[in-house]
Each structure stands twice: as C-alpha cells, then as structure tokens.
Amino acid sequence: MRLVLLGAPGSGKGTQAQRMQARHGVPQVSTGDLLREAVAQGTPLGRAAKAVMDAGQLVADDVMLGIIRERLARPDAARGFILDGFPRTITQADGLGRLLAELRVALDSVVLMEVDAVVLQRRLTGRRSCRRCGRVFHLESNPPKPGERCTAGRPHDLFQRPDDNERTVRERLAVYGERTQPLIDYYERKGLLRRVDADGTLDEVDARIERALQRRQ
Ligand code: AMP
C-alpha cells in the first residue's frame, strides 16, 4: 500500500494515518513529525525549521525532498507507506513522482480528506499530543480514556503544539489554500484522487477511507 493523505491541517490525516498504520502494517510517514523530532533534538535542520513552522509557513521544498528520500529508503518503507503531510506543493509532488520512479514503485491512491473550515479551526485549537508516545487527542471529541496508559506505562503527557494557536492556525490554513490545494487537481488529472468526507467520528471516517480505497477508479 502506497498512499498519500491529502487535506488541510486539522483534517485528521495524522490520526487516520496512525490507525491505518496499525491496520495495514505499513508505516505512517509524517513530515511534520520528522521535523518536530529534528527540532526536539536541536539538529541544524531542526534549528532552521523551527521558526518557519512556528510562523505556519512551509519548509523549503529541497529540504523536504531530502527528508523524504532518506525516510523512504529505510527498510520499513519497502512494502509501502502512508504519507501524511507530504507532498504539500506541486514541486514536492513532482519530486516525489521522480523518487518513486527511481525506486520503481508507484502511488496506489491519494486520499483527500475534506472538512469544513470552521470545523478545522475547532479541531486544531482543541488538539493535544502525548509528549511520550506521540498519540494525537482532542480535548472534546477524543480525550484519553480515564486511566489509559501510554507506551511507557505512564499516563499520557498532553501538550499543545506551538503552531496550533489561533493566529498560526489561520496562517497555516491560508498556506494550505495557496500552496497545497493545487495538488487536488494535480492528482485528479493523474486519476489517483479519492475524496472522503472527513467530518465524522474516527470510526466513521476510517470506514469511509477503507471504502474509498476499495472503489474502482
Ligand atoms: P504538520 O504536522 O503536517 O501539520 O506539519 C507541521 C509544520 O511542519 C507545517 O506547518 C510546516 O511548517 C512543516 N511541514 C510539514 N510537512 C511539510 C512539507 N511537506 N513541506 C513543507 N513544510 C512542511
């Protein structure tokens, strides 16, 4: 399975990618997570990316393509992957196409997760992640269950991403509209796009994605 999850920030790409990873046994490849790891480790990439991310802007295409090239070369991606947050520009999509051609593989589908702008804003500002296990929650719609433990056997340690404040969220949504939305046409023309209504419970959206993947194009 080689998939791209496409959608605005807050459309649920990360959450669904985590669930699909567990179900299909192929890794979620989140460029946002890879960048946040680099920031946490204080690498040169992380130091350069932090200001860009905090402003809600996009990290440079050549940097992102380098990160993806390295990540897809790891053995766990040999049987497939779920790309979450990449590509985000036409240049990245062209670069991904060339990289996959080199690897002699192809994308199966691009799933577009469609959600209303008002819902997106609400989702992003209520979003929290666990510092230890990386799981993503929502204060209202998907809080940790009482007594639930994370992978280290301790309670989840929730925090809000620095770019999930209201102002940065507005900027990220604007950047999505300008730079990423053109990918919808791009992948539609290639016959790869499958649209999914991503407003619903996690299980509902999950089921819609699976149905969309089974539909013949
Ligand atoms: P995400 O976790 O996918 O919302 O990504 C968080 C931030 O990381 C974005 O707002 C960008 O600043 C940066 N980022 C993640 N993926 C990409 C990408 N493919 N291209 C450029 N910047 C990215």
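The rules behind these values
- Residues numbered from 1 in each chain as written.
- Predicted model: local features only at pLDDT ≥ 70, side-chain atom pairs only at ≥ 80, totals over all residues.
- Heavy atoms only, no water.
- Salt bridge = Lys/Arg side-chain N within 4 Å of Asp/Glu carboxyl O.
- Helix = DSSP H or I, 4+ residues; strand = E, 2+ residues; numbered from the N terminus.
- Buried < 20%, exposed > 50% of the residue type's maximum accessible area, 1.4 Å probe, protein only.
- Near = heavy atom within 4 Å.
- Polar contact = N/O pair within 3.5 Å; in protein donor to acceptor, adjacent residues only side chain to side chain.
- Areas by Shrake-Rupley, 256 points an atom, 1.4 Å probe, with all protein chains shown as cover.
- Nonpolar A, V, L, I, M, F, W, Y, C, P; charged D, E, K, R; others polar.
- Axes fitted to C-alpha atoms, helices over the stretch in contact; angles between N-to-C directions.
- Contact = heavy atoms within 4.5 Å.
- Pairing = 2+ DSSP bridges.
- Phe/Tyr/Trp six-rings, centres within 6.5 Å; stacked < 30°, edge-to-face > 60°.
- Parallel < 35°, antiparallel > 145°, perpendicular 65-115°, else oblique.
- Left-handed = near helix turned anticlockwise from the far one by under 90°.
- Disulfide = S-S within 2.5 Å.

A. Spotlight on the pattern of salt bridges. Evaluated as defined, the whole model comprises 18 salt bridges. Put simply, lysine 50 and aspartate 54 hold a salt bridge, and the shortest N to O gap is 2.5 Å. Separated by four residues within a single helix, lysine 50 and aspartate 54 lie in helix H3 (residues 44–54), roughly one turn from each other. In this structure lysine 50 comes out as partly exposed when scored by relative accessible area, which is 36%. Judged by relative accessible area, which is 29%, aspartate 54 ranks as partly exposed. The network of salt bridges with common partners includes Arg19, Arg23, Asp203, Asp206 and Glu210.

B. Region of interest: the site of the ligand. Surveying the vicinity of the ligand reveals 16 residues, the closest of which are Thr31, Arg36, Gln57, Gly85 and Gln92. The separation between an oxygen atom of the ligand and a polar side-chain atom of arginine 36 is 2.9 Å. Contact distances for the ligand include 2.9 Å between a nitrogen atom and a side-chain N or O atom of glutamine 92. Considered on its own, the ligand offers 480 Å² of accessible surface; in the complex 96% of this is hidden by protein. Element by element, the count of residues in the shell around the ligand is highest for helix H2 (residues 31–41), at four residues. Grouping the constituent residues of the shell around the ligand by class yields six nonpolar, five polar and five charged.

C. Local environment of the packing of helix H5 (residues 90–102) against helix H8 (residues 182–189). Where H5 contacts H8, the axes come no closer than 10 Å and their chain directions differ by 35°. Contacts between H5 and H8 involve Ile90, Ala93, Asp94 and Leu96 on the former and, on the latter, Pro182, Leu183, Tyr186 and Tyr187. Taken together, the residues of the contact of H5 with H8 break down into seven nonpolar, no polar and one charged.

D. Focus on the sheet that holds strand S1 (residues 2–7). An order of S2-S3-S1-S4-S8 is seen for the five strands of this open sheet, with the pairing classed as parallel. What marks the edges here is a single partner per strand, and that holds for strand S2 (28–30) and strand S8 (193–197). On average, each strand axis in the sheet is tilted by 25° relative to the strand beside it, whichever way the strands run. Note that S2 and strand S3 (residues 81–84) share three bridges and pair parallel. What sits directly across from valine 29, in S3, is leucine 83. Packing of H8 onto the sheet brings it into contact with S1, strand S4 (109–114) and S8, and relative to S8 it is tilted by some 130°.

E. Layout of the environment of glycine 42. Tracing the sequence through the fold places glycine 42 in the loop between H2 and H3. When the C-alpha positions of glycine 42 and arginine 132 are compared, they lie 18 Å apart, and in sequence the two are 90 residues distant.

F. Geometry of the packing of aromatic side chains. Under the definition given, this model contains one aromatic pair. Note on tyrosine 186 and tyrosine 187: the rings are 4.9 Å apart at their centroids and 85° apart in plane angle, and the pair reads as edge-to-face. Overall, the relative accessible area of 11% leaves tyrosine 186 in the buried class. Since its relative accessible area comes to 3%, tyrosine 187 is described here as buried.

G. Quick look at the packing of helix H4 (residues 61–72) against H5. One way to put it is that H4 packs onto H5 with a least axis distance of 10 Å and a crossing angle of 30°. Judged on the interaxial angle alone, H5 and H4 are roughly parallel. Both H4 and H5 take part in a crossing whose hand is right-handed. On the side of H4, the interface is formed by Asp61, Met64, Leu65, Ile68, Arg69 and Leu72, while H5 contributes Thr91, Gln92, Gly95, Leu96, Leu99, Leu100 and Glu102. Among the residues forming the contact of H4 with H5, the class breakdown is seven nonpolar, three polar and three charged.

H. Layout of the state of the cysteines. Summed over all chains, the structure comprises zero disulfides. Lacking any disulfide linkage, cysteine 130 is separated from the closest cysteine sulfur, that of cysteine 133, by 3.7 Å. The class for cysteine 133 is partly exposed, based on a relative accessible area of 26%.

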